[in-house]
Amino acid sequence: MNRITNTVATPLDEPPAAAQRTFIRLLQLGKPYTGWYIILCVLAAVSSLTTVGLAESLRRIINAATNHNTSGLTAGMTFAAVIVITDAGVHFLNTYLSGLLEIKSTSKLQMSMLTRMLNVRMKDLDRYHSADLISRMNDSAPAAQQGINRKTIELISNLLQIICLLTYLLSLQFALTLGTIIICALVPLVMLPFTSRLRTMNEQRQSIESAQQAFIQDSMQGAEVVRAFSLAPRLLRQFTGRARQFNTVHVPVSRVEAVGYNMPLAVILGGLLYVLSYGGYLVIGGRIDVGAVAAFLICFEQISNPVSRLANLWTELQASLAQGKRLFEIMDLTEEGNSPANPGTAGHLAEAWDTVNRPVAGQQPIIFNNVSFGYGQTKVLTETQLRIEPGKVTAFAGASGSGKSTILQLMLAAYVPDEGSIYHGSTPLHTIPPRSWRSRIAYVSQEPYLFSGTLYENIAWGRPEASREEVIAAAQNAGIHEFIMRMPQEYSTLIGERGLTLSGGERQRLSIARAFVREPGLLLLDEPTAALDSHNEEIVQQALKALMSNRTTVVVAHRLSTIKYADHIYFMEAGAIVEQGTHMELMALQGKYHAMAQAGVQTEAAAGGGLQNEY
Ligand SMILES: Nc1ncnc2c1ncn2[C@@H]1O[C@H](COP(=O)(O)OP(=O)(O)OP(=O)(O)O)[C@@H](O)[C@H]1O
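Note that the structure is a prediction, hence the values are computed from the model and not measured.

Visitor: Explain the overall build of the protein to me, please; I cannot follow it from the model alone.
Guide: A count of helices and strands for the protein gives 20 helices and 10 strands. Counting over 615 residues, the protein shows a buried share of 48%. In the protein, 77% of the contacts between residues at least 6 apart in sequence involve partners at least 24 apart. If you sum the accessible surface of the protein, you get close to 29,900 Å²; carbon and sulfur atoms cover 60% of it.

Visitor: Could you clarify how one ought to interpret the nonpolar core in this entry?
Guide: The tendency in soluble globular proteins is for nonpolar side chains to be buried side by side. In terms of nonpolar packing, the biggest core is built from 46 residues, with Ile 459, Ile 480, Ile 484, Leu 510, Ile 512 and Tyr 593 touching the most fellow members. No other element matches the 6 residues that helix H16 (residues 504–518) contributes to this core. The contacts of Ile 480, once residues within four sequence positions are left out, are Ala 475, Glu 506, Arg 509, Leu 510 and Ala 513.

Visitor: Just to check I follow, could you spell out the sheet that holds strand E6 (residues 441–444) for this structure?
Guide: Each strand in a sheet pairs with another by means of backbone hydrogen bonds, the pair being arranged parallel or else antiparallel. Taken together, the 6 strands give an open sheet; going across it, the order is E6-E7-E8-E3-E9-E10, and neighbouring strands pair in mixed fashion. Here the strands that pair on one side only, and so sit at the sheet edges, are E6 and strand E10 (576–581). With strand direction ignored, the average angle separating the axes of adjacent strands in the sheet is 15°.

Visitor: I would appreciate a short explanation of the packing of aromatic side chains in the present structure.
Guide: The way to describe two aromatic rings as a pair is by their centre distance and the angle between their planes. What the rule picks out here adds up to 12 aromatic pairs. Ring centres 5.3 Å apart and planes at 70° place the aromatic pair Tyr 449 and Phe 451 in the edge-to-face group. A relative accessible area of 48% places Tyr 449 in the partly exposed class. Overall, Phe 451 belongs to the partly exposed group, its relative accessible area being 37%. On the numbers, 5.3 Å between centres and 45° between planes, the contact of Phe 451 with Trp 461 is tilted. Here Trp 461 lies in the loop between helix H13 (455–460) and helix H14 (468–477) and Phe 451 lies in the loop between E6 and H13, a separation of 10 residues in the sequence. Of the aromatic side chains, those joined through ring pairs into one cluster are Tyr 274, Tyr 278 and Tyr 281. In this structure, Arg 25 packs its charged tip against the face of Phe 328, placed 4.2 Å from the ring centre.

Visitor: Is there a simple way to think about the sheet that holds strand E1 (residues 366–373) in this case?
Guide: An order of E2-E1-E4-E5 is seen for the 4 strands of this open sheet, with the pairing classed as antiparallel. Strand pairing shows two members of the sheet lacking a second neighbour, strand E2 (381–388) and strand E5 (427–428), which therefore form its edges.

Visitor: I keep staring at the pairing of strand E9 (residues 568–573) and nothing clicks. Help me out?
Guide: Remark: a regular strand shows side chains that alternate across the two faces of the sheet. Two elements, strand E3 (residues 393–398) and E9, share 5 bridges in a ladder whose sense is parallel. Considered in E9, the bridge of Ala 397 is made with Phe 571. Two strands pair when backbone bridges link them, and E9 and E10 are joined in this way by 5 bridges, in the antiparallel orientation. Within the sheet, the bridge partner assigned to Phe 571 lies in E10 and is Glu 579. In sequence, E9 turns back onto E10 through a hairpin of 2 residues, with Ala 574 there showing a positive phi of about 45°.

What counts as what
- Residues numbered from 1 in each chain as written.
- Predicted model: local features only at pLDDT ≥ 70, side-chain atom pairs only at ≥ 80, totals over all residues.
- Heavy atoms only, no water.
- Helix = DSSP H or I, 4+ residues; strand = E, 2+ residues; numbered from the N terminus.
- Buried < 20%, exposed > 50% of the residue type's maximum accessible area, 1.4 Å probe, protein only.
- Contact = heavy atoms within 4.5 Å.
- Areas by Shrake-Rupley, 256 points an atom, 1.4 Å probe, with all protein chains shown as cover.
- Core = buried A, V, L, I, M, F, W, Y, C linked by side-chain atoms within 4.5 Å.
- Pairing = 2+ DSSP bridges.
- Axes fitted to C-alpha atoms, helices over the stretch in contact; angles between N-to-C directions.
- Phe/Tyr/Trp six-rings, centres within 6.5 Å; stacked < 30°, edge-to-face > 60°.
- Lys NZ or Arg CZ within 6 Å of the ring centre and 35° of its normal.

Right, here's the structure in full:
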């Protein structure tokens, strides 16, 4: 079956109400960690007090020095030492606990995101490139969660620091403090024009980054094709074009960030100049002492920093909002099984359903009643009527793209019909929780998917609770046991990414062993031998024959040898069943099936008998 995946473009201009909603949802991500936040805020409060303490100790030390007061100097130094040690301890605890919180909260969020991705309707999942999903999981989830963690704490600690310092400065000199407040208030104001621009630009940058990632992933996964067709120069050219496109967004972002982040610096420098000159004037007038001016200088920096952090925080929040939007887009996808007829079947209700009604797929007839279906707008199946008899082999034949694999996907409940219904006996399929339904189905596809891990694990995925003896028996039945025993670590041999180190036949026999160990009631075979040469096909056919015996089997096949002995054959054309019957009946009909079989025989003759019974 062909799968077309597209990167979904993120809408760039989110209305303020939507941004607000995203922000509220981001805040809700922090809710379970309120306890942590309280501890971190207490630490932030102590840290603010130590900042005031440092300024005061500096004031005392300078005044003691200018007044030649040795005991005052010693007292000031002791006070400063206590403050510095406390400050270091608070910073240590703060860094440690913040790190812990980030790890805990991010992995929890990624876990719920993965759960959603694994349970989401296939139709929704098809719209995303896998690289885009990976990027949402690896980049967006941490950025959104950490953004909200850090920003909440930063917001509170910065506010606390500003309040503590201003209270202290007010106690020293009112007019100088007032000027300091006015200059500090200018800091966020100069940031304002840049913030909303940055939000839009960050979304755009993120969207292009995902497309880049998808491109790289495709180039790596298609490494063989890239080499076989000498595609490297073309891909590099495309990548250069994409990099250029990325730069057209990235460069302005850097420019806006550079100006936006540095404007406050200019204001801060101006502020320092003000404190020095007006402070100096006040010292000459005898209204404050030199130590107080020094304390003001230190405090000015300590206030303007959090003020500009607060302003930057707003800018950074825009990036978190953009990431949050990408995260929630996935979290909002509907889980499969949550149909209006059967809400909540994907979750815990499925467990209850399981224990009471556990269906054994294939024990009863599977009936398609007027089923129409399309992946998008285009219809792939039109008003399909068919019946799969229990314990029998039903085959689907027909031209490529006629909808054969789609029928298997509908039986797997990977997709639901747009119109009409599928029944297992008298039970509509959409009322059975997908997990229960699939628990007794095995699916073998043309290109078996193997997971990184050992050979043993790849078979055991069919039924994780299977015993070692059952896994080995499955491998023996699938004709792969001897091969496994010749491997250096036998069943513990690692197969590498997607099993690419194995031959097509070996991969297929492993997937058949996986199907064996599942002990399925219903076996779905989607052209399991189509990608194999005739030698491997024969070996795999043997394995399949054993697997199919006494089981309800639905097979999609191009090879006559696979379908000839089926109890019933459906012949499909452009999404409709146009002929049906046994092989003999269809041949006698002299219709489309006959024509296709004849074409196969001719191909076989032309190939000198090499393509036995293939059309
Ligand atoms: N995930 C998908 N998203 C969008 N379109 C799809 C998807 N899978 C299949 N299609 C389209 O649906 C139509 C039927 O595909 P299907 O795979 O069922 O045909 P098929 O008869 O099994 O073909 P083949 O024998 O070549 O595998 C085709 O036009 C195909 O491009």
